[in-house]
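The primary structure of each chain is shown beneath.
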Amino acid sequence: MSYLETTKDVYKEAALTPDVGLCCTTNPIWELPGLKIPRIMQEMNYGCGSTVHARDLTNNPKTLYVGVGGGMELLQFAYFSRQKGGVIGVDVVDEMLEASRKNFKIAEEQNDWFKSEFVDLKKGDAMNLPVEDNSIDVAAQNCLFNIFKAEDLKKAIAEMYRVLKPHGRLVMSDPTCEQPMNDDLRNDERLRALCLSGSLPIADYVKALTDAGFGTIEIRARKPYRILDPKHYPTDELIYIESIEVAAIKDPMPADGPCIFTGKAAIYYGEDDYFDDKAGHVLLKNQPLAVCDKTAGALAGLGRDDIFISESTFHYDGGGCC
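Residues numbered from 1 in each chain as written. Predicted model: local features only at pLDDT ≥ 70, side-chain atom pairs only at ≥ 80, totals over all residues. Heavy atoms only, no water.

Draft legend 1. Spatial organisation of the overall build of the protein chain. When helices and strands are counted, the protein chain shows 9 helices and 13 strands. Against the compact-globule benchmark of 20 Å for 322 residues, the protein chain has a radius of gyration of 21 Å, which places it among compact chains. With respect to the principal axes defined by its C-alpha atoms, the protein chain has extents near 65 × 50 × 35 Å. Taking all 322 residues of the protein chain together, 54% fall into the buried category. Considering only residue pairs separated by 6 or more positions, the protein chain has 76% of its internal contacts joining residues 24 or more positions apart. On the protein chain, roughly 14,700 Å² of surface is accessible, and the fraction owed to carbon and sulfur atoms is 50%. (Helix = DSSP H or I, 4+ residues; strand = E, 2+ residues; numbered from the N terminus. Rg over C-alpha atoms; globule rule 2.2 N^0.38 Å. Buried < 20%, exposed > 50% of the residue type's maximum accessible area, 1.4 Å probe, protein only. Contact = heavy atoms within 4.5 Å. Areas by Shrake-Rupley, 256 points an atom, 1.4 Å probe, with all protein chains shown as cover.)

Draft legend 2. Quick peek at empty space enclosed by the protein. On inspection of all chains with the given rule, the structure shows 1 cavity of 30 Å³ or more. For the largest cavity, the calculated volume is near 40 Å³. Along its surface, the largest cavity is lined by Phe 145, Asn 146, Leu 153, Pro 175, Gly 198, Leu 200 and Tyr 205. By residue class, the composition of the lining of the largest cavity is 5 nonpolar, 2 polar and no charged. (1 Å grid on protein atoms, 1.4 Å probe; cavity = no way out; pocket = protein on both sides within 12 Å on 5 of 7 lines; lining within 4 Å. Points joined across faces, edges and corners; volume = space filled by probe spheres on them. Nonpolar A, V, L, I, M, F, W, Y, C, P; charged D, E, K, R; others polar.)

Draft legend 3. Structural context of the pattern of salt bridges. Throughout the structure, instances matching the rule amount to 16 salt bridges. The salt bridge partner of Arg 55 is Asp 317, with a shortest N-O separation of 3.6 Å. With Arg 55 in the loop between helix 2 (39–43) and strand 1 (63–66) and Asp 317 in the segment after strand 13 (307–309), this residue pair connects regions lying 262 residues apart in the sequence. Taking the relative accessible area as the measure of exposure, Arg 55 reaches 36% and is therefore partly exposed. (Salt bridge = Lys/Arg side-chain N within 4 Å of Asp/Glu carboxyl O.)

Draft legend 4. Quick peek at the environment of His 315. By secondary structure assignment, the location of His 315 is in the segment after strand 13. Note: C-alpha distance between His 315 and Arg 220 (95 residues apart in sequence) is 4.5 Å. Excluding its chain neighbours within four sequence positions, the residues that come into contact with His 315 are Ile 219, Arg 220, Ala 221, Thr 262 and Gly 263. For His 315, the side chain forms a polar contact with the main-chain oxygen of Arg 220, separated by 2.8 Å. (Polar contact = N/O pair within 3.5 Å; in protein donor to acceptor, adjacent residues only side chain to side chain.)

Draft legend 5. Up close: the nonpolar core. Counting 84 residues, the largest nonpolar core has Leu 64, Phe 145, Leu 170 and Leu 209 as its most contacted members. In this structure, Phe 275, Leu 283, Leu 289 and Val 291 belong to the second largest nonpolar core, which totals 9 residues. (Core = buried A, V, L, I, M, F, W, Y, C linked by side-chain atoms within 4.5 Å.)

Draft legend 6. Structural view of the sheet that holds strand 4 (residues 136–142). Spatial ordering of the open sheet is given by 3-2-1-4-5-7-6-8, a layout of 8 strands whose pairing is mixed. Looking at which strands have only one partner, the edges of the open sheet turn out to be strand 3 (119–123) and strand 8 (259–261). Taking the axes of each pair of neighbouring strands and ignoring which way they run, one obtains an average angle of 20° across the sheet. Strand direction decides the pairing type here: strand 4 and strand 5 (residues 164–176), joined by 6 bridges, are parallel. For Ile 136, the partnering residue across the bridge sits in strand 5 and is Leu 164. Set on the sheet, helix 5 (residues 150–163) makes contact with strand 1, strand 4 and strand 5; between it and strand 5 the angle comes to about 150°. In this fold helix 8 (residues 202–211) packs onto strand 4, strand 5, strand 6 (216–228), strand 7 (239–249) and strand 8, with an angle of close to 140° to the strand it touches most, strand 6. (Pairing = 2+ DSSP bridges. Axes fitted to C-alpha atoms, helices over the stretch in contact; angles between N-to-C directions.)

Draft legend 7. Representation of a nonpolar patch on the surface in the model. Together, Ile 227, Leu 238 and Tyr 240 give the surface a local cluster of nonpolar side chains, amounting to about 270 Å² of exposed area. By the element assignment, Tyr 240 lies in strand 7. (Patch = residues over 30% accessible without salt bridge, like charges linked within 9 Å, V, L, I, M, F, W, Y side chains within 5 Å.)

Draft legend 8. How the structure looks around the packing of helix 1 (residues 3–16) against helix 4 (residues 94–110). It is the contact of helix 1 with helix 4, at a shortest axis distance of 8 Å, that shows an interaxial angle of 25°. Here helix 1 lies roughly parallel to helix 4, going by the angle between them. For the pair helix 1 and helix 4, the crossing hand works out as left-handed. Counting all contacts with helix 1, which are made through Tyr 11, Lys 12, Ala 14, Ala 15 and Leu 16, the residues of helix 4 involved are Glu 95, Met 96 and Ala 99. Considering only residue class, the contact of helix 1 with helix 4 consists of 6 nonpolar, no polar and 2 charged. (Parallel < 35°, antiparallel > 145°, perpendicular 65-115°, else oblique. Left-handed = near helix turned anticlockwise from the far one by under 90°.)

Draft legend 9. Seen up close, the layout of surface pockets. The space that makes up the largest pocket amounts to roughly 530 Å³. Every residue lining the largest pocket is counted, 35 residues in all, and those nearest its centre are Tyr 11, Gly 67, Asp 91, Val 92 and Leu 144. Counting residues per element, the ones that place at least two in the lining of the largest pocket are helix 1, strand 1, helix 3 (72–81) and strand 2 (87–91). Broken down by element, the lining of the largest pocket gets its largest block of residues, 4 residues, from helix 1. Each residue belonging to the lining of the largest pocket can be placed in one class, and the counts come to 21 nonpolar, 10 polar and 4 charged. For the second largest pocket, the lining is made up of 15 residues, of which Ala 150, Glu 151, Leu 153, Lys 154 and Ala 208 are closest to its centre. At the level of elements, helix 5 and helix 8 are the ones that each hand at least two residues to the lining of the second largest pocket.

Right, dumping it as structure tokens:
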């Protein structure tokens, strides 16, 4: 049995018998006017963060969500579009698709604005999406890509890139780990399916996205996730896993490389009212400006004693300059 078949079996079981906290931490339950999340959707909430951000969802975007879970994030996406087929949900597990269909009927009863037809559920593989080229404004996945091994991850990211419109965005939440993992952990198919042993370092995760052609990367959140300890897992040392929320934007690749926002800011505190680096960045006096890592490096390289560059916070919420 391949690791993908093991993963399919794990989530078939999770669809038939909801398992609270099966593999992941609880996603935020959005408190939005008129939005009620059915309890069964919360119980089938198999994610490690949130991929639903209001600033991504203006002007009725066509949205794709891969790995439907119990349908909670699909319902949240539909809240912003409210149109037939405005959200596409893709999953390879028949039982999960059927569970989501049932859950949407419950959502209809609890939300007078929602109709099941707002979400188009499709059987499909993340590495071969049943979606047309350049047709999606916002694509998302939650706690799925960390399961894939390197070549499959490359294919899955390439598929997301293919279906996105120019300047469309891929919004993700996945576990990451900066420590090396031994082969026993990496090769344990069930631990990989449970979103534990496939975790990559953030730099490797970001590189996989930029290698696919995404010109802008935003790391929006980084937070504690799980511990793999020697008493319960095949490891001699304690391994700390974090989850990150990331947006990869299908912008053209800049000639000098991708713009990667990791939460750095530049602050000018000189004698003038502002500093202009003549490269597109104007720093108002004593006003922090979010900058990508590339720009942070260029400003630091000027060697000025009146510009402060912060360390990466791994939290970026827009408003930056690159």
